[in-house]
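One letter stands for each residue in the lines below.
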Amino acid sequence: MGERHQSRDGSIVFGSTMSDHHVTRFLAALRLGWISRHLSQPWEKSLYVFINGFLSVGVLAAAAAFTGSPFVFPSLGPTAYMLYLNPLSPGASPRSCLLGHGIGICCGFGALLVTGLAFEPDFHAHAVTPPRVLAAALSLSATAAGMVLVKIDHAPACATTLIISLGIITRPTDLVLIGISVLILVLQALILNRISGIPYPIWRPRDNVLLT
């Protein structure tokens, strides 16, 4: 049984652990059911996160290699981790992932526009200047404040905004690809988690969810 927590309204919600049943079901779908007979629950859960993380990020990394476009970037890593370790947590919902990274993209590029760095090389190419310091600080604070305003919590979005405000990825077309990558990652999580019997939400995190 997965860990249960009681919310303020008395409903029971899925906690931070994953039951053996759902990992076993996922392994069976991959014709790897025999593995579950030889592993303890922590090892099963670790394998679940490993396989799904490998598949999800592997697809995006392959797309990046094939097209030469930034379909994969550092902040996708912690997002993928959240999607498979705690798939029913509020921060792992499609709403939190997509809006969080969307806010990060907008705030990151907005900070570059405000500081006049939108078309400048990244900070590795030159010394860190006061405008670059301002852009980084402004993008991070604006992203955090924006997520608070729309009532979401997705920490990896703060890394996304720094990737942009530091000039690592700045072209508008590449920023669109970042958003597409997040969308693909979320769709993969929807498919893989539901194969396992986990009721991963279509948009908002679900209330009154109990896994058995």
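Further up the page is the structure itself.
Residues numbered from 1 in each chain as written. Predicted model: local features only at pLDDT ≥ 70, side-chain atom pairs only at ≥ 80, totals over all residues. Heavy atoms only, no water.

1. Section: the overall build of the protein
Scanning the protein from N- to C-terminus turns up seven helices and two strands. Taken from the N to the C terminus, the helices and strands of the protein come in the order β-β-α-α-α-α-α-α-α. Counting over 212 residues, the protein shows a buried share of 44%. A fraction of 67% describes how many contacts in the protein between residues 6 or more apart in sequence connect residues 24 or more apart. Summed over its atoms, the accessible surface of the protein is roughly 10800 Å², and 68% of this surface lies on carbon and sulfur atoms. (Helix = DSSP H or I, 4+ residues; strand = E, 2+ residues; numbered from the N terminus. Buried < 20%, exposed > 50% of the residue type's maximum accessible area, 1.4 Å probe, protein only. Contact = heavy atoms within 4.5 Å. Areas by Shrake-Rupley, 256 points an atom, 1.4 Å probe, with all protein chains shown as cover.)

2. Topic: the environment of Gly179
For Gly179, the position within the fold is in helix α7 (residues 172-195). Assessed through its relative accessible area of 29%, Gly179 is described here as partly exposed. As for Gly179 and His101, which are separated by 78 residues in sequence, their C-alpha atoms are 7.1 Å apart.

3. Notes on a nonpolar patch on the surface
A contiguous nonpolar surface patch, about 350 Å² in accessible area, is contributed by Phe50, Phe54 and Leu55. For Phe50, the position within the fold is in helix α2 (residues 41-67). (Patch = residues over 30% accessible without salt bridge, like charges linked within 9 Å, V, L, I, M, F, W, Y side chains within 5 Å. Salt bridge = Lys/Arg side-chain N within 4 Å of Asp/Glu carboxyl O.)

4. Description of the side chain of Asn193
Along the chain, Asn193 falls in helix α7. Contact partners of Asn193, with chain neighbours within four places excluded, come to Tyr48, Leu83, Tyr84, Pro87, Ile198 and Tyr200.

5. Overview of helix α4 (residues 94-115)
In a regular helix each residue adds 1.5 Å, so 22 residues correspond to 32 Å; α4 covers 31 Å between its end C-alpha atoms and thus fits that length. Positive backbone phi, approximately 75°, marks Gly116, located one or two places after α4. (Expected span 1.5 Å × (residues − 1).)

6. Focus on the nonpolar core
With 32 residues, the main nonpolar core has Phe73, Leu83, Tyr84, Leu112 and Leu175 as its most contacted residues. Of all the elements in the fold, those that place two or more residues in this core are α2, α3 (76-85), α4, α6 (156-165) and α7. Top contributing element to this core by residue count: α7, with eight residues. If you look at the next biggest cluster of nonpolar residues, it comprises six residues, including Ile103, Met147, Ile152 and Ala157. (Core = buried A, V, L, I, M, F, W, Y, C linked by side-chain atoms within 4.5 Å.)

7. Some words on the pattern of salt bridges
In this structure the tally under the stated criterion is one salt bridge. Two residues, Arg171 and Asp174, come together in a salt bridge whose shortest N-O distance is 3.0 Å. Look at Arg171 and you get exposed, because its relative accessible area is 53%.

8. Let's talk about the packing of α3 against α7
In the contact formed by α3 and α7, the axes pass within 10 Å of each other and the chain directions differ by 20°. Judged by the inter-axis angle, α3 sits roughly parallel to α7. Where α3 crosses over α7, the two elements pack in a sense that is right-handed. Touching Leu76, Thr79, Ala80, Leu83 and Tyr84 of α3 are Ser181, Val182, Leu185, Gln188, Ala189, Leu192 and Asn193, all from α7. For the contact of α3 with α7, the per-class residue count stands at eight nonpolar, four polar and no charged. (Axes fitted to C-alpha atoms, helices over the stretch in contact; angles between N-to-C directions. Parallel < 35°, antiparallel > 145°, perpendicular 65-115°, else oblique. Left-handed = near helix turned anticlockwise from the far one by under 90°. Nonpolar A, V, L, I, M, F, W, Y, C, P; charged D, E, K, R; others polar.)

9. Comments concerning the state of the cysteines
Counted according to the given criterion, the structure contains zero disulfides. Cysteine Cys106 is unpaired, with the sulfur of Cys107 as its nearest cysteine sulfur at 6.8 Å. Judged by its relative accessible area of 58%, Cys106 falls in the exposed class. Between Cys158, a cysteine without a disulfide, and Cys107, which holds the nearest cysteine sulfur, the sulfur-to-sulfur distance is 9.5 Å. (Disulfide = S-S within 2.5 Å.)

Spatial relationships are all this shows, so hold off on functional conclusions.
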